[in-house]
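Observations on the model geometry
Here are the chains, one letter per residue:
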Amino acid sequence: MPLNVVVCLKQIPNPDLQFQIAPGGKDIRRDTLNYKLNASDEYALEEAVRLKEKHGGRAVALTLGPKRTEQMLREALAKGADEAVRIAYEDVATYDVGKVGRLLALAIRTMPHDLVLTGVQSDDLVNSATGGLIAGILGLPHASVVTRVEVSDGRVEAASELEGGLQRVLNLPLPALLTIQFGANTPRYAPLPAIMKAARQPIKELGPPALGLPSWDIPLPYSFGVQGLSPPAAKGHAEMIGGSIEEQAKRLAQILREKGFVRR
Amino acid sequence: MRTIGSDILLVAEHLEGRLAPSTAELVAIGRNLATQTVGATKAALLGHAARGLAEALARFGVDVVLVEDPALAEYTGDGYREAVRALVEQTKPRLVLLAHTSQGYDLAPALAGSLDLALVTNCVGVRLDGDRLVATRRLLNEKVQADIELSSERPIVATVRPGSVPPAAEGASGSVTSVDLAPDAAKMRMKFVRLERPEVADIDLSGSDVIVSAGRGIQKRENLALVEGFAKAVGGVVGASRPLTDLEWLPKTRQVGQSGKTVRPKLYIACGISGAMQHVAGMKDAGLIIAINTDPSAPIFEVAHIGVVADVLKLLPATLKELKE
């Protein structure tokens, strides 16, 4: 049975960077950031492409975000997605995962979907909520933190990672939603001809009318606000050993001896 | 008109007959919040033949609502969502609290999505401020803290990161009330198949007094030898952060963190590990934590007792030399 797979991708600021809080305190400064595909979404994308290669069908990469996300969608096309779709919601920060999940669900409802994949969490906002929200809104059975996916006879078997390395294996009927864990597979590199081709491929843009909405201001059962961002209060900070490498090594060795971890 | 009351409903988590440690933390948070709402805290415990577990939970001093059904013998998103949904519709709590665990963040968003409720996840703190819920979250590799405010006429669903508060103490006593809520069989679409355990053909990290863990900062697989040599010198074994076990430089059994082992050695040396929440959750209770990292703003220095801003590939050989003198 050919599979229609929709994979949700997010472009995030590289979390290895340093961040400053923007004037007003409601967002980070974005003028100097560089963006990349969220880490676990890379695995979700790879899983989507592998599934459609194995079973036939199509893998569609879907995102919500400003124009800059087109670069990420082209990367997805070069790595094997058949189509790229951008929900043209231009808010650069999207702190309210509830709104994002609702908009993504509305878009997915307009697309054929046997399987919806997301990454397990975005490394910028770390909500681990988008996939579950979409599943709840669309009424799809779902599994989270998935490290292994096997589709057969209209069902999917998924291994879901728990704390402590245990895996809970679940069997779900399609259509279903899975949130894919970091490390679930080995993502491929895009071959150069595919990168060249992806640069010319169209990206489908969805505005509010395409989702059946008069505007992006959808009714929500709650009000949401960012009260403020701040640098986290240091819980306590390590006693730092300074100096040259030799001085640091000398002090570290002394501490290990004093605490009795080294005999001599 | 308000459609909610003032109670806090927390969802207990258990596996193989044991309560998750995070559930006692939820009890502590719920009790604290309930004093503000002038409501009660209730804990939902779902399972099959789970009376004993419900009584164990009540000993943390919380009233337990016990829902028993064969369909709830093992966790599935379908079974738990339907049961909690029915409880939420019946009791209309102000807040539904879950732990931000693999199970908690499977259930919480699906519950919020299916009932059209407000959701905030992975909080390190939650408080009530008048009509609003203020949730504190950590973003961007722990480098930014955000206070988020939500208000709603309907229940709000929130997940709290394990380890954010001290757990409630045992010794008090709460009631256990059985509620008959057979989940609708037509909505039980998913099947539990089995639990799988990682193969253990390796040393057991959790039994070691000294762990020297390697992270991305060691740069190349060959450099593991250096970490192994250092571990030997301090009588320890080698652990790793997730990126290294994903790269298969070390077996999965060596991974310290939320999806790996939780360890409490006397000495933990983090070599080139930035200290993402995922990792810190598994080692923050070690007796002495020494962190070595080139980035002075790395979050690992927040949990470490002793920090060294240095290239681990230079510092370890230099320290070994010192130890041999």
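Right, let's walk through the structure included here. (Residues numbered from 1 in each chain as written. Chains lettered and ligands numbered in written order. Predicted model: local features only at pLDDT ≥ 70, side-chain atom pairs only at ≥ 80, totals over all residues. Heavy atoms only, no water.)

**Remarks on the overall build of chain A**
Which entries qualify depends on this criterion: Counting from the N terminus, the helices are DSSP H or I runs at least four residues long and the strands are E runs at least two residues long. Shrake-Rupley sampling with a 1.4 Å probe provides the accessible areas, and residues are treated as covered by the protein chains on show and by no other component. The sign given to each residue is positive for Lys and Arg and negative for Asp and Glu; His and the chain ends receive no count. To locate a charge, take atom NZ for lysine, CZ for arginine, CG for aspartate or CD for glutamate.
Counting its secondary structure elements, chain A contains six helices and 13 strands. Counting every atom, chain A has about 11,000 Å² of accessible surface; 53% of that belongs to carbon and sulfur. Once the 31 positive and 29 negative side-chain charges of chain A are each reduced to a mean point, those two points are 2 Å apart.

**A few points about the interface of chain B and chain A**
How we decide: Only heavy atoms matter for contacts: two residues are in contact if any of them lie within 4.5 Å across the pair. What counts as buried area is the accessible surface, traced by a 1.4 Å probe, that two parts surrender upon association, with contributions from both included. In what follows, salt bridge is the name for a side-chain nitrogen of Lys or Arg lying within 4 Å of a carboxyl oxygen of Asp or Glu. Whenever a nitrogen or oxygen atom comes within 3.5 Å of another N or O atom, the pair is scored as a polar contact, on the condition that within protein one atom can donate a hydrogen and the other can accept it, and that pairs from neighbouring residues in sequence are kept only if both atoms are in side chains. Only Asp, Glu, Lys and Arg are considered charged, only Ala, Val, Leu, Ile, Met, Phe, Trp, Tyr, Cys and Pro nonpolar, and every remaining residue, Gly among them, polar.
The partner chain A presents 83 residues to the 90 residues of chain B that form the contact. Both sides of the chain B and chain A interface together cover about 7,300 Å² of buried area, and 56% of this is carbon and sulfur. For the pair chain B and chain A, the number of links is three salt bridges. In this structure, A:Arg102 and B:Asp116 form a salt bridge, with 2.9 Å as the shortest nitrogen-oxygen distance. Summed over the shared surface of chain B and chain A, the result is 39 residue pairs in polar contact (both at pLDDT 80 or more). For the side of chain B that touches chain A, the leading source of residues is strand β9 (residues 144-151) of chain B, giving eight residues. Classifying every residue of the side of chain B that touches chain A by side-chain character gives 39 nonpolar, 20 polar and 31 charged.

**Things to note about the environment of A:Val7**
All names here are of chain A. Our working rule: For the exposure calls, accessible area comes from a 1.4 Å probe over protein chains only, and a residue counts as buried if that area is under 20% of its type's maximum, exposed if over 50%, partly exposed in between.
The residue Val 7 is located in strand β1 (residues 3-8) in this model. The buried category is assigned to Val 7, whose relative accessible area is 0%. Residues Val 7 and Ala 233, 226 residues apart in the sequence, show an inter-C-alpha distance of 36 Å. Apart from residues lying up to four places away in sequence, Val 7 is in contact with Ala 44, Leu 45, Ala 48, Val 60, Ala 61, Leu 62 and Leu 117.

**Considerations on the sheet that holds strand β13 (residues 239-241) of chain A**
As a reminder, the rule being used: Only strands that DSSP links by at least two bridges are regarded as paired with each other. Fitted lines through C-alpha atoms give the axes, limited to the stretch in contact for helices. The angle between two N-to-C directions lies from 0 to 180 degrees.
If you walk across this open sheet you meet the six strands as β13(A)-β17(B)-β16(B)-β15(B)-β13(B)-β14(B), and the pairing is parallel. For this open sheet the edge positions go to β13 of chain A together with β14 (237-240) of chain B, each flanked by a neighbour on one side alone. Direction aside, the axes of adjacent strands within the sheet are offset by 20 degrees on average. Where helix α5 (residues 224-233) of chain B meets the sheet, it contacts β13 (210-214), β14 and β15 (267-271) of chain B, and its direction lies at approximately 165 degrees from that of β13(B). Along the sheet, helix α9 (residues 312-324) of chain B makes contact with β15, β16 (288-293) and β17 (306-309) of chain B, crossing β16(B) at roughly 125 degrees.

**Quick look at the packing of aromatic side chains**
Aromatic ring pairs are described here by two measures, namely the spacing of the ring centres and the angle between the planes. Residue and element names in this part refer to chain A. Put simply, the test is: Any two rings among Phe, Tyr and Trp, with Trp reduced to its six-membered ring, count as a pair given centres within 6.5 Å; such a pair is stacked if its planes are under 30 degrees apart, edge-to-face if over 60, and tilted if neither. Only Lys NZ and Arg CZ are tested; either one counts as a charge over a ring when it is within 6 Å of the ring centre and within 35 degrees of the ring normal.
A complete count under the given rule lists three aromatic pairs over all chains for this structure. Summarising the aromatic geometry, the rings of Tyr 43 and Phe 182 are spaced 5.1 Å apart at their centres and angled 55 degrees between planes, so their arrangement reads as tilted. Of this pair, Tyr 43 sits in helix α1 (residues 39-55) while Phe 182 is found in the loop between β10 (176-180) and α5 (192-200), placing the two residues 139 residues apart along the sequence. With a centroid separation of 5.6 Å and 80 degrees between ring planes, the pair formed by Tyr 89 and Trp 216 is classed as edge-to-face. On the criterion of sequence distance, the pair formed by Tyr 89 in the loop between β5 (83-87) and α3 (97-109) and Trp 216 in the loop between β11 (204-206) and β12 (223-230) is long-range, its members being 127 residues apart. Residue Tyr 89 shares its accessibility class with Trp 216, and that shared class is buried. Positioned above the aromatic ring of Tyr 35 is the side chain of Arg 68, whose terminal nitrogen or guanidinium carbon lies 3.6 Å from the ring centre.

**Observations concerning the environment of B:Ser164**
Residues and elements named next belong to chain B. Within the fold, Ser 164 resides in the loop between β10 (156-160) and β11 (176-179). Taking relative accessible area as the criterion, Ser 164 reaches 24% and is therefore assigned partly exposed. For Ser 164 and Val 309, which are 145 residues apart along the polypeptide, the C-alpha to C-alpha distance reads 27 Å. If we skip the residues at most four places from it in the chain, Ser 164 touches Glu 25, Cys 123 and Val 124. One polar contact links the side chain of Ser 164 to the main-chain carbonyl oxygen of Arg 161, over a distance of 2.7 Å.

**Thoughts on the nonpolar core**
Residues and elements named next belong to chain A. Rules: Nonpolar cores are built from buried Ala, Val, Leu, Ile, Met, Phe, Trp, Tyr and Cys residues. Side-chain atoms within 4.5 Å join them into one set.
Formed by 38 residues in total, the largest nonpolar core has its most connected members in Leu 115, Leu 117, Val 156, Leu 178 and Ile 180. Here this core gets six residues from one element, more than from any other, and that element is α1. Apart from the residues lying within four places of it in its own chain, the contact partners of Val 156 are Leu 115, Val 149, Glu 150, Val 151, Leu 170, Asn 171, Leu 172, Leu 174, Ala 176 and Leu 178.

**As for the environment of B:Gln255**
Residue and element names in this part refer to chain B. Residue position: Gln 255 is located in the loop between α6 (242-246) and β15. Gln 255 sits in the buried class, given a relative accessible area of 0%. A C-alpha to C-alpha distance of 25 Å links Gln 255 and Thr 121, two positions 134 residues apart in sequence. A distance of 3.0 Å separates polar atoms of two side chains, one belonging to Gln 255 and the other to Thr 245. One polar contact links Gln 255 to Lys 252, side chain to side chain, over a distance of 3.0 Å.

**Let's talk about the sheet that holds strand β6 (residues 95-99) of chain B**
Spatial strand order, β12(A)-β9(B)-β8(B)-β7(B)-β10(B)-β6(B)-β1(B)-β4(B)-β5(B)-β11(B): ten strands in an open sheet with mixed pairing. Each end of this open sheet is capped by a strand with a single partner; those strands are β12 of chain A together with β11 of chain B. Averaged over all pairs of adjacent strands, the angle between strand axes in this sheet comes to 35 degrees, irrespective of strand direction. Inspection of the sheet shows strand β4 (residues 41-47) of chain B paired to strand β5 (residues 63-68) of chain B by six bridges, in the parallel sense. Within the sheet, the bridge partner assigned to B:Gly47 lies in β5(B) and is B:Glu68.

**Focus on empty space enclosed by the protein**
Residue and element names in this part refer to chain A. The condition is simple: Computed over the protein atoms alone on a 1 Å grid, cavities are sets of points where a 1.4 Å probe fits but cannot get out and pockets are open sets with protein on both sides within 12 Å along at least five of seven lines; a residue lines them when it has an atom within 4 Å of a point. Grid points are joined across faces, edges and corners, and a volume is the space filled by probe spheres set on the points.
Within the structure shown, the criterion is met by eight cavities of 30 Å³ or more. Roughly 510 Å³ of internal volume is contained in the largest cavity. Along the wall of the largest cavity there are 40 residues; nearest its centre are Leu 9, Lys 10, Val 100, Ser 122 and Thr 130. When contributions to the lining of the largest cavity are tallied by element, the ones reaching two or more residues are β2 (11-13), β4 (57-64), α3, β6 (115-119) and α4 (130-138).

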